Amino acid sequence: MTIARTICLGFIAVISLGTLLLMMPFSTETGEWGNFITALFTSTSAVCVTGLTVVDTGTYFSLWGEFFLMCLIQVGGLGYMITTTFLILLMGKKFDFRQKLAMNDTFDRPFLQGSRNLIVSVFATTFILESMATLGLFTVFIKDYGFWQSVWLGIFHSISAWNNAGFSLFPDSLIGYQTSIPVNLIISLLIIFGGIGYQVIIECVFWLLDKFNTQAHHQFELSLNFKVVIRTTFVLLVLGTIAFYLTESHNSNTLDNLSLSEKLIASWFQSVTTRTAGFNSIDIGKMSIAGLFVTIGLMFVGASPSGTGGGIKTTTLSILLNSTKAVLRGQQKVVMYKREVPVSLTLKAMAVVFGSAVTVVVMTLIISLLHPDFEFIAILFEVVSAFATVGLSTGITASLSALAKLTLVFTMYLGRVGVLLFMGAIIGDPRPSRINYPPENLLVG
(Lines give C-alpha, C1' and ligand atoms only; values in the text may rest on other atoms or scores of the structure.)
Protein backbone atom coordinates (compact mmCIF):
# COMPACT_ATOMS: atom_id res chain seq x y z
CA MET A 1 0.00 0.00 0.00
CA THR A 2 1.92 2.98 -1.34
CA ILE A 3 1.13 6.62 -0.60
CA ALA A 4 -0.39 7.04 -4.07
CA ARG A 5 -2.67 4.06 -3.53
CA THR A 6 -3.67 5.33 -0.10
CA ILE A 7 -4.73 8.70 -1.53
CA CYS A 8 -6.59 7.16 -4.51
CA LEU A 9 -8.42 4.61 -2.37
CA GLY A 10 -9.15 7.30 0.22
CA PHE A 11 -10.99 9.40 -2.37
CA ILE A 12 -12.92 6.32 -3.50
CA ALA A 13 -13.93 5.60 0.10
CA VAL A 14 -15.17 9.16 0.65
CA ILE A 15 -17.06 9.11 -2.67
CA SER A 16 -18.69 5.80 -1.75
CA LEU A 17 -19.75 7.10 1.66
CA GLY A 18 -21.10 10.26 0.07
CA THR A 19 -23.06 8.24 -2.49
CA LEU A 20 -24.71 6.24 0.30
CA LEU A 21 -25.59 9.35 2.30
CA LEU A 22 -27.02 11.22 -0.70
CA MET A 23 -29.19 8.20 -1.60
CA MET A 24 -30.86 8.14 1.82
CA PRO A 25 -34.56 9.14 1.93
CA PHE A 26 -33.81 11.98 4.38
CA SER A 27 -31.33 13.45 1.86
CA THR A 28 -33.90 13.98 -0.89
CA GLU A 29 -36.70 16.53 -0.92
CA THR A 30 -39.30 13.89 -1.81
CA GLY A 31 -38.35 11.65 1.15
CA GLU A 32 -37.73 8.68 -1.16
CA TRP A 33 -34.56 6.74 -1.93
CA GLY A 34 -32.41 8.64 -4.41
CA ASN A 35 -31.21 7.35 -7.76
CA PHE A 36 -27.84 5.58 -7.53
CA ILE A 37 -26.31 7.21 -10.64
CA THR A 38 -27.47 10.65 -9.48
CA ALA A 39 -26.03 10.13 -6.00
CA LEU A 40 -22.75 8.72 -7.35
CA PHE A 41 -22.35 11.54 -9.86
CA THR A 42 -23.14 14.22 -7.28
CA SER A 43 -20.89 12.68 -4.63
CA THR A 44 -17.98 12.41 -7.08
CA SER A 45 -18.55 15.95 -8.28
CA ALA A 46 -18.54 17.20 -4.66
CA VAL A 47 -15.51 15.24 -3.45
CA CYS A 48 -13.61 16.15 -6.61
CA VAL A 49 -14.81 19.78 -6.12
CA THR A 50 -16.10 19.88 -9.67
CA GLY A 51 -19.64 21.21 -9.48
CA LEU A 52 -21.18 19.35 -12.41
CA THR A 53 -24.73 18.29 -11.57
CA VAL A 54 -27.44 16.18 -13.16
CA VAL A 55 -30.19 17.63 -10.92
CA ASP A 56 -31.04 21.02 -9.43
CA THR A 57 -29.18 20.93 -6.11
CA GLY A 58 -31.47 23.36 -4.31
CA THR A 59 -34.70 21.50 -5.11
CA TYR A 60 -33.61 17.86 -5.39
CA PHE A 61 -31.83 17.58 -2.03
CA SER A 62 -33.27 18.26 1.40
CA LEU A 63 -31.48 20.29 4.07
CA TRP A 64 -29.69 17.12 5.19
CA GLY A 65 -28.70 16.33 1.62
CA GLU A 66 -27.31 19.83 1.18
CA PHE A 67 -25.42 19.48 4.47
CA PHE A 68 -23.85 16.18 3.39
CA LEU A 69 -22.99 17.74 0.05
CA MET A 70 -21.31 20.68 1.79
CA CYS A 71 -19.26 18.31 3.97
CA LEU A 72 -18.14 16.34 0.92
CA ILE A 73 -17.07 19.58 -0.76
CA GLN A 74 -15.03 20.59 2.29
CA VAL A 75 -13.31 17.20 2.56
CA GLY A 76 -12.65 17.11 -1.17
CA GLY A 77 -11.23 20.64 -1.21
CA LEU A 78 -8.93 20.06 1.73
CA GLY A 79 -7.89 16.68 0.39
CA TYR A 80 -8.34 13.23 1.85
CA MET A 81 -4.89 13.01 3.41
CA ILE A 82 -5.08 16.48 4.99
CA THR A 83 -8.50 15.75 6.51
CA THR A 84 -7.57 12.36 7.90
CA THR A 85 -4.29 13.70 9.25
CA PHE A 86 -6.14 16.49 11.02
CA LEU A 87 -8.48 13.93 12.59
CA ILE A 88 -5.43 12.01 13.80
CA LEU A 89 -4.16 15.18 15.46
CA LEU A 90 -7.54 15.82 17.11
CA MET A 91 -7.55 12.31 18.56
CA GLY A 92 -4.13 12.98 20.07
CA LYS A 93 -2.37 10.24 18.15
CA LYS A 94 1.22 10.47 17.03
CA PHE A 95 1.90 12.12 13.70
CA ASP A 96 4.04 9.36 12.19
CA PHE A 97 6.43 9.41 9.27
CA ARG A 98 3.87 7.92 6.88
CA GLN A 99 1.52 10.90 7.34
CA LYS A 100 4.49 13.22 6.75
CA LEU A 101 5.28 11.47 3.49
CA ALA A 102 1.63 11.76 2.49
CA MET A 103 1.75 15.51 3.10
CA ASN A 104 4.89 15.69 1.01
CA ASP A 105 3.08 13.97 -1.87
CA THR A 106 -0.05 16.08 -1.42
CA PHE A 107 1.71 19.47 -1.45
CA ASP A 108 4.63 18.33 -3.60
CA ARG A 109 6.91 20.22 -1.21
CA PRO A 110 9.31 19.00 1.53
CA PHE A 111 7.25 19.99 4.59
CA LEU A 112 8.52 17.04 6.63
CA GLN A 113 9.81 19.18 9.49
CA GLY A 114 6.63 21.20 10.00
CA SER A 115 3.72 19.03 8.92
CA ARG A 116 1.78 19.44 12.15
CA ASN A 117 1.91 23.24 12.03
CA LEU A 118 1.07 23.13 8.32
CA ILE A 119 -2.14 21.18 8.91
CA VAL A 120 -3.25 23.51 11.68
CA SER A 121 -2.45 26.54 9.48
CA VAL A 122 -4.47 25.10 6.59
CA PHE A 123 -7.57 24.54 8.71
CA ALA A 124 -7.22 27.90 10.45
CA THR A 125 -6.91 29.71 7.10
CA THR A 126 -9.92 27.85 5.73
CA PHE A 127 -12.10 28.58 8.76
CA ILE A 128 -11.21 32.28 8.96
CA LEU A 129 -11.73 33.07 5.27
CA GLU A 130 -14.93 31.02 4.97
CA SER A 131 -16.36 32.69 8.10
CA MET A 132 -15.59 36.18 6.81
CA ALA A 133 -17.13 35.37 3.42
CA THR A 134 -20.24 33.90 5.06
CA LEU A 135 -20.80 37.14 6.94
CA GLY A 136 -20.33 39.19 3.78
CA LEU A 137 -22.72 37.08 1.69
CA PHE A 138 -25.27 37.06 4.51
CA THR A 139 -25.58 40.85 4.31
CA VAL A 140 -26.52 40.47 0.62
CA PHE A 141 -28.83 37.44 0.85
CA ILE A 142 -30.76 38.85 3.83
CA LYS A 143 -32.33 41.38 1.46
CA ASP A 144 -34.01 38.58 -0.54
CA TYR A 145 -34.42 35.73 1.97
CA GLY A 146 -35.18 35.09 5.62
CA PHE A 147 -32.57 35.20 8.37
CA TRP A 148 -31.77 31.50 8.74
CA GLN A 149 -32.01 30.80 5.02
CA SER A 150 -29.57 33.65 4.37
CA VAL A 151 -27.18 32.18 6.94
CA TRP A 152 -27.35 28.79 5.27
CA LEU A 153 -26.93 30.25 1.78
CA GLY A 154 -23.91 32.22 2.98
CA ILE A 155 -22.26 29.18 4.58
CA PHE A 156 -22.90 26.86 1.63
CA HIS A 157 -21.74 29.26 -1.07
CA SER A 158 -18.67 30.32 0.93
CA ILE A 159 -17.52 26.73 1.33
CA SER A 160 -18.34 25.97 -2.29
CA ALA A 161 -16.41 29.02 -3.53
CA TRP A 162 -13.36 28.56 -1.28
CA ASN A 163 -13.03 24.94 -2.39
CA ASN A 164 -13.57 25.92 -6.04
CA ALA A 165 -16.52 23.52 -6.20
CA GLY A 166 -19.09 25.71 -7.95
CA PHE A 167 -22.16 24.10 -6.36
CA SER A 168 -24.98 26.58 -5.91
CA LEU A 169 -28.39 26.32 -4.26
CA PHE A 170 -29.80 28.70 -6.86
CA PRO A 171 -31.19 27.10 -10.05
CA ASP A 172 -29.33 29.61 -12.26
CA SER A 173 -26.10 29.61 -10.23
CA LEU A 174 -25.22 33.31 -9.65
CA ILE A 175 -26.91 34.81 -12.71
CA GLY A 176 -29.41 36.47 -10.36
CA TYR A 177 -26.52 38.36 -8.74
CA GLN A 178 -24.75 39.15 -12.02
CA THR A 179 -24.43 42.85 -11.26
CA SER A 180 -24.02 42.59 -7.47
CA ILE A 181 -20.57 43.96 -6.65
CA PRO A 182 -20.40 42.42 -3.12
CA VAL A 183 -21.29 38.91 -4.36
CA ASN A 184 -18.93 39.13 -7.33
CA LEU A 185 -16.10 40.45 -5.16
CA ILE A 186 -16.50 37.97 -2.28
CA ILE A 187 -16.92 34.91 -4.48
CA SER A 188 -14.05 35.99 -6.74
CA LEU A 189 -11.64 36.50 -3.84
CA LEU A 190 -12.57 33.14 -2.32
CA ILE A 191 -12.00 31.39 -5.64
CA ILE A 192 -8.65 33.12 -6.20
CA PHE A 193 -7.31 32.47 -2.70
CA GLY A 194 -8.57 28.89 -2.73
CA GLY A 195 -7.03 28.32 -6.14
CA ILE A 196 -3.55 29.74 -5.55
CA GLY A 197 -2.87 27.17 -2.83
CA TYR A 198 -2.26 27.07 0.91
CA GLN A 199 1.48 27.24 0.49
CA VAL A 200 1.27 30.60 -1.30
CA ILE A 201 -1.17 32.00 1.27
CA ILE A 202 0.96 30.93 4.24
CA GLU A 203 4.10 32.25 2.56
CA CYS A 204 2.36 35.56 1.92
CA VAL A 205 1.43 35.81 5.61
CA PHE A 206 5.04 35.22 6.67
CA TRP A 207 6.22 37.81 4.13
CA LEU A 208 3.81 40.42 5.51
CA LEU A 209 4.83 39.64 9.09
CA ASP A 210 8.46 40.06 8.10
CA LYS A 211 7.70 43.44 6.52
CA PHE A 212 6.15 44.74 9.73
CA ASN A 213 8.87 43.25 11.92
CA THR A 214 11.41 46.03 12.29
CA GLN A 215 13.69 43.86 14.44
CA ALA A 216 14.23 41.21 11.76
CA HIS A 217 17.91 40.75 10.89
CA HIS A 218 17.29 39.16 7.48
CA GLN A 219 14.80 39.68 4.68
CA PHE A 220 12.20 36.98 4.04
CA GLU A 221 12.83 35.45 0.62
CA LEU A 222 9.78 34.48 -1.43
CA SER A 223 10.01 31.08 -3.09
CA LEU A 224 10.05 30.46 -6.83
CA ASN A 225 6.67 28.74 -6.51
CA PHE A 226 5.14 31.89 -4.99
CA LYS A 227 6.47 34.16 -7.74
CA VAL A 228 5.39 31.86 -10.57
CA VAL A 229 1.91 31.23 -9.15
CA ILE A 230 1.14 34.90 -8.45
CA ARG A 231 2.41 36.15 -11.81
CA THR A 232 0.78 33.43 -13.90
CA THR A 233 -2.52 33.76 -12.03
CA PHE A 234 -2.56 37.53 -12.52
CA VAL A 235 -1.79 37.29 -16.23
CA LEU A 236 -4.44 34.63 -16.82
CA LEU A 237 -7.08 36.61 -14.93
CA VAL A 238 -6.40 39.76 -16.94
CA LEU A 239 -6.21 37.97 -20.30
CA GLY A 240 -9.34 35.98 -19.47
CA THR A 241 -11.28 39.14 -18.64
CA ILE A 242 -10.23 40.76 -21.91
CA ALA A 243 -11.02 37.61 -23.90
CA PHE A 244 -14.51 37.22 -22.43
CA TYR A 245 -15.26 40.88 -22.99
CA LEU A 246 -14.20 40.71 -26.65
CA THR A 247 -16.01 37.44 -27.41
CA GLU A 248 -19.25 38.06 -25.49
CA SER A 249 -19.78 41.83 -25.32
CA HIS A 250 -21.90 41.77 -28.50
CA ASN A 251 -23.68 38.50 -27.70
CA SER A 252 -27.32 39.41 -26.97
CA ASN A 253 -27.72 36.21 -24.93
CA THR A 254 -24.89 36.98 -22.50
CA LEU A 255 -23.36 40.48 -22.15
CA ASP A 256 -24.80 42.68 -24.91
CA ASN A 257 -27.67 44.05 -22.81
CA LEU A 258 -25.42 45.13 -19.93
CA SER A 259 -23.73 48.47 -19.36
CA LEU A 260 -19.96 48.85 -19.79
CA SER A 261 -19.24 48.49 -16.06
CA GLU A 262 -21.57 45.49 -15.78
CA LYS A 263 -19.89 43.86 -18.79
CA LEU A 264 -16.48 44.28 -17.15
CA ILE A 265 -17.77 42.83 -13.85
CA ALA A 266 -19.32 39.83 -15.60
CA SER A 267 -16.21 39.29 -17.75
CA TRP A 268 -13.96 39.45 -14.67
CA PHE A 269 -16.15 37.04 -12.73
CA GLN A 270 -16.25 34.57 -15.62
CA SER A 271 -12.48 34.78 -15.99
CA VAL A 272 -12.07 33.97 -12.30
CA THR A 273 -14.64 31.20 -12.04
CA THR A 274 -13.51 29.49 -15.25
CA ARG A 275 -10.25 28.67 -13.51
CA THR A 276 -11.90 25.56 -11.90
CA ALA A 277 -14.58 27.22 -9.73
CA GLY A 278 -17.73 26.42 -11.71
CA PHE A 279 -19.99 29.34 -10.77
CA ASN A 280 -21.44 31.32 -13.64
CA SER A 281 -23.11 34.71 -13.91
CA ILE A 282 -23.98 34.25 -17.60
CA ASP A 283 -25.73 31.42 -19.44
CA ILE A 284 -22.90 29.11 -20.56
CA GLY A 285 -25.11 27.31 -23.07
CA LYS A 286 -25.71 30.57 -24.93
CA MET A 287 -22.09 31.65 -25.19
CA SER A 288 -20.47 32.07 -28.60
CA ILE A 289 -18.18 29.40 -30.01
CA ALA A 290 -15.21 31.69 -29.44
CA GLY A 291 -16.25 32.23 -25.82
CA LEU A 292 -16.62 28.49 -25.26
CA PHE A 293 -13.18 27.88 -26.76
CA VAL A 294 -11.60 30.50 -24.49
CA THR A 295 -13.34 28.87 -21.52
CA ILE A 296 -12.01 25.43 -22.49
CA GLY A 297 -8.46 26.77 -22.63
CA LEU A 298 -8.70 28.46 -19.23
CA MET A 299 -10.35 25.41 -17.68
CA PHE A 300 -7.59 23.13 -18.95
CA VAL A 301 -4.92 25.30 -17.29
CA GLY A 302 -6.84 25.45 -14.00
CA ALA A 303 -5.59 26.59 -10.61
CA SER A 304 -2.27 26.22 -8.78
CA PRO A 305 -0.55 23.36 -6.89
CA SER A 306 -1.76 22.62 -3.33
CA GLY A 307 -4.89 24.66 -4.06
CA THR A 308 -8.47 23.47 -4.19
CA GLY A 309 -8.73 23.65 -7.98
CA GLY A 310 -7.81 21.27 -10.78
CA GLY A 311 -6.36 21.51 -14.29
CA ILE A 312 -2.75 21.08 -15.34
CA LYS A 313 -1.85 23.95 -12.92
CA THR A 314 -0.37 27.38 -13.49
CA THR A 315 3.17 26.24 -12.64
CA THR A 316 3.03 23.52 -15.30
CA LEU A 317 2.03 26.07 -17.93
CA SER A 318 4.80 28.43 -16.83
CA ILE A 319 7.46 25.70 -16.96
CA LEU A 320 6.44 24.69 -20.48
CA LEU A 321 6.37 28.28 -21.70
CA ASN A 322 9.83 28.97 -20.27
CA SER A 323 11.11 25.68 -21.70
CA THR A 324 9.90 26.75 -25.14
CA LYS A 325 11.53 30.15 -24.69
CA ALA A 326 14.81 28.48 -23.71
CA VAL A 327 14.72 26.31 -26.85
CA LEU A 328 14.01 29.30 -29.09
CA ARG A 329 16.97 31.15 -27.56
CA GLY A 330 19.25 28.16 -27.96
CA GLN A 331 19.69 27.73 -24.22
CA GLN A 332 20.34 24.36 -22.58
CA LYS A 333 18.77 25.27 -19.22
CA VAL A 334 15.38 26.55 -18.14
CA VAL A 335 15.76 29.60 -15.89
CA MET A 336 12.92 31.35 -14.04
CA TYR A 337 13.49 34.34 -11.77
CA LYS A 338 17.24 33.64 -11.75
CA ARG A 339 16.63 30.06 -10.61
CA GLU A 340 17.39 27.00 -12.70
CA VAL A 341 14.47 24.59 -13.08
CA PRO A 342 15.53 20.93 -12.67
CA VAL A 343 15.14 18.70 -15.72
CA SER A 344 12.95 16.36 -13.65
CA LEU A 345 10.36 19.13 -13.19
CA THR A 346 10.31 19.84 -16.91
CA LEU A 347 9.76 16.15 -17.63
CA LYS A 348 7.00 16.02 -15.03
CA ALA A 349 5.29 19.05 -16.56
CA MET A 350 5.40 17.42 -19.99
CA ALA A 351 3.99 14.19 -18.56
CA VAL A 352 1.14 16.06 -16.83
CA VAL A 353 0.13 17.88 -20.02
CA PHE A 354 0.42 14.77 -22.19
CA GLY A 355 -1.50 12.59 -19.74
CA SER A 356 -4.19 15.24 -19.33
CA ALA A 357 -4.56 15.73 -23.10
CA VAL A 358 -4.83 11.97 -23.70
CA THR A 359 -7.48 11.68 -20.97
CA VAL A 360 -9.55 14.49 -22.48
CA VAL A 361 -9.27 13.04 -25.99
CA VAL A 362 -10.25 9.51 -24.92
CA MET A 363 -13.19 10.62 -22.75
CA THR A 364 -14.44 12.98 -25.47
CA LEU A 365 -14.27 10.15 -28.00
CA ILE A 366 -16.24 7.80 -25.73
CA ILE A 367 -19.05 10.29 -25.08
CA SER A 368 -19.11 11.30 -28.78
CA LEU A 369 -19.69 7.64 -29.69
CA LEU A 370 -22.43 7.36 -27.08
CA HIS A 371 -24.11 10.63 -28.14
CA PRO A 372 -23.44 11.36 -31.82
CA ASP A 373 -26.39 13.79 -31.80
CA PHE A 374 -24.64 16.26 -29.46
CA GLU A 375 -22.39 19.02 -30.77
CA PHE A 376 -18.68 18.26 -30.49
CA ILE A 377 -17.86 21.59 -28.81
CA ALA A 378 -20.46 20.85 -26.10
CA ILE A 379 -19.03 17.38 -25.43
CA LEU A 380 -15.44 18.64 -25.36
CA PHE A 381 -16.51 21.46 -23.04
CA GLU A 382 -18.17 19.00 -20.64
CA VAL A 383 -15.18 16.64 -20.58
CA VAL A 384 -12.63 19.41 -19.96
CA SER A 385 -14.90 20.85 -17.29
CA ALA A 386 -15.05 17.45 -15.58
CA PHE A 387 -11.33 16.72 -15.87
CA ALA A 388 -10.26 20.18 -14.70
CA THR A 389 -12.83 19.91 -11.85
CA VAL A 390 -14.51 23.14 -12.97
CA GLY A 391 -18.20 22.33 -13.11
CA LEU A 392 -19.31 24.70 -15.87
CA SER A 393 -21.76 23.11 -18.27
CA THR A 394 -23.44 23.91 -21.54
CA GLY A 395 -26.53 22.09 -20.25
CA ILE A 396 -26.08 18.60 -21.68
CA THR A 397 -24.96 16.81 -18.48
CA ALA A 398 -28.45 15.89 -17.31
CA SER A 399 -29.30 14.52 -20.78
CA LEU A 400 -26.37 12.10 -20.91
CA SER A 401 -26.90 8.36 -20.71
CA ALA A 402 -25.92 6.40 -17.60
CA LEU A 403 -22.72 5.15 -19.28
CA ALA A 404 -21.76 8.67 -20.36
CA LYS A 405 -22.36 9.94 -16.82
CA LEU A 406 -20.13 7.17 -15.45
CA THR A 407 -17.49 8.25 -17.98
CA LEU A 408 -17.64 11.77 -16.56
CA VAL A 409 -17.49 10.34 -13.03
CA PHE A 410 -14.21 8.61 -13.84
CA THR A 411 -12.97 11.77 -15.58
CA MET A 412 -13.69 13.88 -12.50
CA TYR A 413 -11.90 11.35 -10.31
CA LEU A 414 -8.83 11.34 -12.55
CA GLY A 415 -8.78 15.13 -12.60
CA ARG A 416 -8.90 15.38 -8.81
CA VAL A 417 -6.31 12.77 -7.83
CA GLY A 418 -4.12 13.53 -10.85
CA VAL A 419 -3.19 11.39 -13.82
CA LEU A 420 0.38 10.79 -12.64
CA LEU A 421 -0.72 9.90 -9.10
CA PHE A 422 -3.37 7.53 -10.44
CA MET A 423 -0.87 5.80 -12.73
CA GLY A 424 1.61 5.66 -9.84
CA ALA A 425 -1.04 3.93 -7.74
CA ILE A 426 -1.51 1.29 -10.44
CA ILE A 427 2.15 0.74 -11.31
CA GLY A 428 3.56 1.17 -7.82
CA ASP A 429 6.66 2.97 -6.61
CA PRO A 430 9.42 3.24 -9.25
CA ARG A 431 12.52 1.16 -8.72
CA PRO A 432 15.91 2.80 -9.28
CA SER A 433 18.06 1.35 -12.01
CA ARG A 434 21.86 1.22 -12.13
CA ILE A 435 21.90 0.77 -15.89
CA ASN A 436 22.94 3.74 -18.05
CA TYR A 437 22.53 3.78 -21.82
CA PRO A 438 24.57 5.70 -24.42
CA PRO A 439 22.93 8.94 -25.66
CA GLU A 440 21.94 9.42 -29.31
CA ASN A 441 20.29 12.28 -31.19
CA LEU A 442 16.74 12.10 -32.54
CA LEU A 443 14.99 14.38 -35.03
CA VAL A 444 12.29 16.41 -33.31
CA GLY A 445 9.87 18.94 -34.81
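Residues numbered from 1 in each chain as written. Predicted model: local features only at pLDDT ≥ 70, side-chain atom pairs only at ≥ 80, totals over all residues. Heavy atoms only, no water.

(A) Region of interest: the overall build of the chain. Across its full length, the chain holds 18 helices and 2 strands. Relative to its full complement of 445 residues, the chain shows a buried share of 53%. Taking the contacts inside the chain whose residues are at least 6 apart along the sequence as the reference set, 69% of them involve residues at least 24 apart. (Helix = DSSP H or I, 4+ residues; strand = E, 2+ residues; numbered from the N terminus. Buried < 20%, exposed > 50% of the residue type's maximum accessible area, 1.4 Å probe, protein only. Contact = heavy atoms within 4.5 Å.)

(B) Examining the packing of helix α11 (residues 224-248) against helix α12 (residues 260-273) more closely. Close contact between α11 and α12 brings their axes to 8 Å; oriented N to C, the two are set at 130 degrees. With respect to their mutual orientation, α11 and α12 come out oblique. The two elements α11 and α12 meet at a crossing, and its hand is right-handed. Contact residues: α11 offers Leu236, Leu237, Gly240, Thr241, Phe244 and Tyr245, while α12 offers Leu260, Lys263, Leu264, Ser267, Trp268, Gln270, Ser271 and Val272. (Axes fitted to C-alpha atoms, helices over the stretch in contact; angles between N-to-C directions. Parallel < 35°, antiparallel > 145°, perpendicular 65-115°, else oblique. Left-handed = near helix turned anticlockwise from the far one by under 90°.)

(C) Seen up close, the packing of aromatic side chains. Under the defined criterion, the tally for this structure stands at 14 aromatic pairs. On the numbers, 5.3 Å between centres and 80 degrees between planes, the contact of Phe138 with Phe147 is edge-to-face. For Phe138, a relative accessible area of 18% gives the class buried. Of the residues examined, Phe147 reaches a relative accessible area of 46% and is grouped as partly exposed. When the centroid spacing of 6.1 Å and the interplanar angle of 55 degrees are considered together, the rings of Trp152 and Phe156 count as tilted. With a gap of 4 residues between them, Trp152 and Phe156 both fall in helix α8 (residues 147-162), about one helical turn apart. Note on accessibility: Trp152 and Phe156 belong to one class, buried. Feature note: the residues Phe26, Trp64, Phe67 and Phe68 constitute an aromatic cluster, connected by ring pairs. (Phe/Tyr/Trp six-rings, centres within 6.5 Å; stacked < 30°, edge-to-face > 60°.)

(D) Seen up close, the side chain of Ser304. Tracing the backbone shows Ser304 in the loop between α13 (289-301) and α14 (314-328). At 2.8 Å, the side chain of Ser304 and the side chain of Thr314 are in polar contact. Among all residues touching Ser304, those that are not within four sequence positions of it are Gly195, Ile196, Val229, Thr233, Lys313 and Thr314. (Polar contact = N/O pair within 3.5 Å; in protein donor to acceptor, adjacent residues only side chain to side chain.)

(E) Summary view of the nonpolar core. Counting residues in each nonpolar core, the largest one holds 105 residues, and the members touching the most others are Ile73, Phe156, Ile187 and Met299. Setting aside chain neighbours within four positions, we find Phe156 in contact with Glu66, Leu69, Met70, Ile73, Phe167, Ser168 and Leu169. Ranked by size, the runner-up nonpolar core spans 7 residues in total, among them Val228, Ala326, Val341 and Ala349. (Core = buried A, V, L, I, M, F, W, Y, C linked by side-chain atoms within 4.5 Å.)

(F) View of the packing of helix α4 (residues 63-78) against α8. Between α4 and α8, the least distance of the axes is 9 Å, while the angle of their chain directions is 30 degrees. Our classification of the angle between α4 and α8 gives roughly parallel. The interaxial crossing formed by α4 with α8 has left-handed handedness. Contacts between α4 and α8 pair Leu63, Glu66, Phe67, Leu69, Met70, Ile73 and Gln74 from the former with Trp152, Ile155, Phe156, Ile159 and Ser160 from the latter. Residue composition of the contact of α4 with α8, by class: 9 nonpolar, 2 polar and 1 charged. (Nonpolar A, V, L, I, M, F, W, Y, C, P; charged D, E, K, R; others polar.)

(G) Broad picture of unusual backbone geometry. Phi at Lys338 is positive, roughly 60 degrees, even though this residue is not glycine. With respect to the helices and strands, Lys338 occurs in the loop between β1 (335-336) and β2 (339-340).

(H) Region of interest: the side chain of Ser249. Tracing the backbone through its elements, the reader meets Ser249 in the loop between α11 and α12. Given the relative accessible area of 4%, Ser249 is considered buried. For Ser249, the side chain forms a polar contact with the main-chain oxygen of Tyr245, separated by 2.8 Å.

(I) Representation of the pattern of salt bridges. Evaluated as defined, the whole model comprises 2 salt bridges. Note that Asp283 and Lys286 form a salt bridge whose closest N and O atoms lie 4.0 Å from each other. Under the relative-accessibility criterion, Asp283 is labelled partly exposed at 31%. Of the charged contacts, one joins Glu340 and Lys333 as a salt bridge, the two residues approaching to 3.9 Å between their closest N and O atoms. Looking at Lys333, the relative accessible area reads 48%, which means it is partly exposed. (Salt bridge = Lys/Arg side-chain N within 4 Å of Asp/Glu carboxyl O.)

(J) Quick look at the confidence of the model for the chain. Model confidence for the chain is summarised by a mean pLDDT of 86, while 90% of its residues fall at 70 or above. Of all secondary-structure elements in the chain, the lowest mean pLDDT belongs to helix α6 (residues 97-107), at 54, while helix α16 (residues 376-387) reaches the highest, 95. Below pLDDT 50 for its whole length, residues 108-113 participates in 12 contacts with residues either more than four positions away or in separate chains. (pLDDT = per-residue confidence, 0-100.)

(K) Spatial organisation of a nonpolar patch on the surface. On the surface, Phe354, Val358, Val362, Ile366, Leu370, Leu403 and Leu406 cluster together into a nonpolar patch covering about 580 Å² of accessible area. Those elements that provide at least two residues to the nonpolar patch are α15 (343-370) and α17 (402-417). Element by element, the count of residues in the nonpolar patch is highest for α15, at 5 residues. Within the secondary structure, Phe354 is located in helix α15. (Patch = residues over 30% accessible without salt bridge, like charges linked within 9 Å, V, L, I, M, F, W, Y side chains within 5 Å. Areas by Shrake-Rupley, 256 points an atom, 1.4 Å probe, with all protein chains shown as cover.)

(L) Spatial organisation of the environment of Ser43. By the secondary structure assignment, Ser43 is in helix α2 (residues 36-47). Spatially, the C-alpha atom of Ser43 lies 9.4 Å from that of Val409, the residues being 366 residues apart in sequence. Leave out the neighbours within four places in its chain, and Ser43 touches Val14, Ile15, Gly18, Thr19, Leu22 and Leu72. Separated by 2.8 Å, the side chain of Ser43 and the backbone oxygen of Ile15 make a polar contact.

(M) Spotlight on α12. Look at α12: 20 Å from first C-alpha to last across 14 residues, which is about the 20 Å you get at 1.5 Å a residue. Summarising the contacts, the buried residues of α12 are in contact with α9 (181-196) and α11. (Expected span 1.5 Å × (residues − 1).)

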